[in-house]
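Fold and contact review
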Number of protein chains: 2
Amino acid sequence: MDRRTRKRYEARAEIAKALAHPTRLFLLEELSHGKRCVCELTEMVGADISTVSKHLAILKNAGLVQDEKRGVQVFYELQCPCIPKMFGCLESILAANAERKYESVSG
Amino acid sequence: MDRRTRKRYEARAEIAKALAHPTRLFLLEELSHGKRCVCELTEMVGADISTVSKHLAILKNAGLVQDEKRGVQVFYELQCPCIPKMFGCLESILAANAERKYESVSG
DNA sequence: TGTCTATTTGGCGAATATACCAATTATCCA
DNA sequence: TGGATAATTGGTATATTCGCCAAATAGACA
């Protein structure tokens, strides 16, 4: 694998890494329903606000969300329209995995 | 976030984590072109065969690929048809990010 | 200006992921 | 059976990620 190819996959992996955490997936799905401020999201997640803020920063850094300051609050929103489709893909994989697990038990 | 919801996002994150490595993304894309055996993939990746084998095990464990033994070789193939679409999504995000970076420099 | 609320940043310990080497397993074939 | 090749597994050192606390930053408003 040459250097250029490796760089390309590293760039893709940066985005995939941003998706690779349950809290961040939850944040993305919540944001797919509309803009939310950090304190709302923090309440839903139930973690320290600094933790949520860092997760949001990771999503922003990957280009998955954008933020907008309104007074003392910061609202985040999805930047990438294909995120909801990704969730569909993840769900279909989970469903197929569950099916296989069932088959291996019953058959 | 209640326990059930958390479990759901953890399950999704398991799959996302499997995607979150440049070598594994490369393997998936290569497998999207057809079955490949571990030694072929190892040669392409340019890492130790044990490293590649472990990456493939992670992909298999996530339900993204399946394996098939043929004699002394093991062939892997994609199990999930939506993987190529995922790559398209990753690429579109990268393109949008590059665009924004360009705008922030020139405008 | 001083205070309050919302958010981000710095830093640290704990947990997780990664890559390689060495050893093991599995299959083929002489 | 014994040797050769392909692949997986175990072990370990290193690197990265994670979550919280504490501190810093920013805006609103009296």
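The preceding data block contains the structure.
Quick summary incoming for the structure in this document. Only a predicted model underlies this, so the values are computations on that prediction, with no experimental measurement involved. Residue numbering note: each chain is counted from 1, following its sequence as written. By the order in which they are written, chains take letters starting at A while ligands take numbers starting at 1. A pLDDT threshold of at least 70 governs which residues receive local features in this predicted model, and a stricter bar of 80 or more applies before side-chain atom pairs are shown or counted, although totals over entire chains, interfaces and linings include all residues. As a rule here, side-chain values cover all heavy atoms of the structure and leave hydrogens and water aside.

Note on conventions: DSSP H or I runs of at least 4 residues are helices, E runs of at least 2 residues are strands, and numbering of each starts at the N terminus. In terms of helices and strands, chain A carries five helices and three strands. Overall, chain A shows an N-to-C arrangement of helices and strands of α-α-β-α-α-β-β-α. The globule rule puts the C-alpha radius of gyration for 107 residues at 13 Å, and the 17 Å found for chain A is more than 25% above it. Summarising its shape, the C-alpha atoms of chain A cover approximately 60 × 40 × 25 Å along the three principal directions. Relative accessibility decides the category of a residue: with a 1.4 Å probe and only protein chains considered, values under 20% of the type maximum give buried, values over 50% give exposed, and everything between is partly exposed. Considering chain A as a whole, with its 107 residues, one finds that 42% of them fall into the buried category. Taking contacts inside chain A between residues at least 6 apart in sequence as the whole, the part at least 24 apart equals 51%. Here the radius of gyration uses the C-alpha set of atoms, whereas the globule reference equals 2.2 Å times the residue count to the power 0.38. In this description, contact between two residues means that some pair of their heavy atoms is separated by no more than 4.5 Å.

Attention now goes to the pattern of salt bridges. Between Lys or Arg on one side and Asp or Glu on the other, a salt bridge is scored when a side-chain nitrogen of the former is within 4 Å of a carboxyl oxygen of the latter. Scanning the entire structure with this criterion turns up 20 salt bridges over all chains. Note that A:Lys35 is salt-bridged to A:Glu77, the shortest N-O span being 3.8 Å. With A:Lys35 in the loop between helix H2 (22–31) and strand E1 (36–37) and A:Glu77 in strand E3 (residues 73–78), this residue pair connects regions lying 42 residues apart in the sequence. Accessibility expressed as a relative area gives 32% for A:Lys35, which makes it partly exposed. Of the residues examined, A:Glu77 reaches a relative accessible area of 25% and is grouped as partly exposed. A cluster of three or more residues bridged by salt bridges with shared partners is formed by A:Arg8, A:Arg12, B:Glu29 and B:Glu91.

The biggest cluster of nonpolar side chains holds 63 residues, and the ones touching the most others in it are A:Leu64 and B:Leu64. For this core, the element with the most residues is helix H5 (residues 83–106) of chain B, which contributes seven residues. Residues within four places of B:Leu64 in sequence aside, it is in contact with A:Ile93, B:Ile15, B:Ala18, B:Leu19, B:Leu28, B:Leu59, B:Glu77, B:Leu78, B:Gln79, B:Cys80 and B:Ile83. Buried Ala, Val, Leu, Ile, Met, Phe, Trp, Tyr and Cys residues that are joined via side-chain atoms within 4.5 Å together make up what is termed a nonpolar core.

Contacts between the two partners involve 35 residues from chain B, matched on the other side by 35 residues from chain A. Summed over both partners, the accessible area lost on bringing two parts together, with a 1.4 Å probe, is the buried area. Between chain B and chain A lies a buried interface of about 3100 Å² when both sides are counted; carbon and sulfur atoms form 72% of it. Of all residues in chain B, B:Met1, B:Tyr9 and B:Arg12 bury the most surface against chain A, accounting for 20% of the area lost on that side. Summed over the shared surface of chain B and chain A, the result is six salt bridges. A salt bridge links B:Arg8 to A:Glu29; the nearest nitrogen and oxygen atoms lie 3.9 Å apart. Here a polar contact is recorded for every N or O atom pair within 3.5 Å, except that within protein the pair must consist of a potential hydrogen donor and a potential acceptor, and residues adjacent in sequence are included only if both atoms are side-chain atoms. Counting across the interface, chain B meets chain A through twelve residue pairs in polar contact (both at pLDDT 80 or more). Elements with a contribution of two residues or more to the side of chain B that touches chain A: helix H1 (3–19), helix H2 (22–31), helix H3 (38–45) and H5 of chain B. The residue classification treats Ala, Val, Leu, Ile, Met, Phe, Trp, Tyr, Cys and Pro as nonpolar and Asp, Glu, Lys and Arg as charged. All others, Gly included, are polar. Its residues assigned to classes, the side of chain B that touches chain A comprises 23 nonpolar, five polar and seven charged.

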